[in-house]
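# Analysis of the macromolecular model
One-letter residues, chain by chain:
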Amino acid sequence: MTDRKPATARAQNLDDTAKRIIELLQDDGRLSYSAIAKEVGLSEAAVRHRVQKLIDGGVMQVVAVTDPLQMGFARQAMIGIKVTGKVREVAAELAAMEKLDYIVITTGRFDILAEIVAESDDELLDIVSEQINALPRVVTTETFVYLRLEKQTYAWGVR
């Protein structure tokens, strides 16, 4: 799986066909190019090209979303991180950590939020105490352990 490109201040200018392709894939990421082509009125080759362009441009990803528990990951958590100095530099250091799968710079009580999916509490402890807290500009962390995932969706539509 590739890393998501950082969001820019303004959305890409997508035409109605590109938006419809995205909507169809948000509904069913396994939809064939030929099925999409029928829905949007393009050839299969044109749809394949459009999808690749959307992926290459960082507009979307097509991935398999799994249930972490069924994949052997017993612990999920969100880590709030307060830093001193240049937040973007610390965020880049965190983004380089393989075990962290979601990093955002935010406002409010924390400067950065990081999500982890870990095999165990011991692995979570090691990453928080020995990797994240070991960064020189990390002032404090607070870990929010997920007890149960109630809802997870990626189909928020297009604008």
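A short tour of the structure in this document, coming up. Owing to the predicted nature of the structure, the values given are computational and were not obtained by experimental measurement.

Scoring rules and cut-offs
Residues numbered from 1 in each chain as written. Predicted model: local features only at pLDDT ≥ 70, side-chain atom pairs only at ≥ 80, totals over all residues. Heavy atoms only, no water. Pairing = 2+ DSSP bridges. Helix = DSSP H or I, 4+ residues; strand = E, 2+ residues; numbered from the N terminus. Axes fitted to C-alpha atoms, helices over the stretch in contact; angles between N-to-C directions. Contact = heavy atoms within 4.5 Å. Phe/Tyr/Trp six-rings, centres within 6.5 Å; stacked < 30°, edge-to-face > 60°. Buried < 20%, exposed > 50% of the residue type's maximum accessible area, 1.4 Å probe, protein only. Polar contact = N/O pair within 3.5 Å; in protein donor to acceptor, adjacent residues only side chain to side chain. Arc of directions from axis to C-beta.

## Brief notes about the sheet that holds strand E2 (residues 100-105)
- The 4 strands lie next to each other as E2-E3-E1-E4, forming an open sheet whose pairing is antiparallel. On the outer flanks of this sheet lie E2 and strand E4 (138-145), each paired with one strand and no other. Across the sheet, the axes of successive neighbouring strands diverge by a mean angle of 20°, strand direction being ignored.
- Pairing of strand E1 (residues 75-83) with E4, which is carried by 7 bridges, proceeds in the antiparallel orientation. Bridge pairing in E4 links Ala77 to Val145.
- Against the sheet, helix H4 (residues 87-95) contacts E1, E2, strand E3 (112-118) and E4, and its axis sits at roughly 170° relative to E2.

## Quick word on the packing of aromatic side chains
- Applying the stated criterion across every chain, the model contains 1 aromatic pair.
- Geometrically, the ring pair formed by Phe110 and Phe144 is edge-to-face, given 6.1 Å between the ring centres and 85° between the ring planes. Of this pair, Phe110 sits in the loop between E2 and E3 while Phe144 is found in strand E4, placing the two residues 34 residues apart along the sequence.

## What about the side chain of Arg75?
- Looking at the element boundaries, Arg75 is found in strand E1.
- For Arg75, a relative accessible area of 19% gives the class buried.
- Side chain to side chain, Arg75 and Asp121 meet in a polar contact 2.6 Å long.
- Once residues within four sequence positions are removed from consideration, Arg75 is found in contact with Ile116, Val117, Ala118, Ser120, Asp121, Leu124, Val145 and Tyr146.

## Side note on helix H2 (residues 33-40)
- Considered for burial, the residues of H2 that qualify are Ile36, Ala37 and Val40. An end-on view of H2 places all buried positions within 105° of arc, on one side of the element.
- In this structure, the buried side of H2 is in contact with helix H1 (16-27) and helix H3 (44-56).
- Phi for Gly41, located one or two positions after H2, is positive at around 80°.

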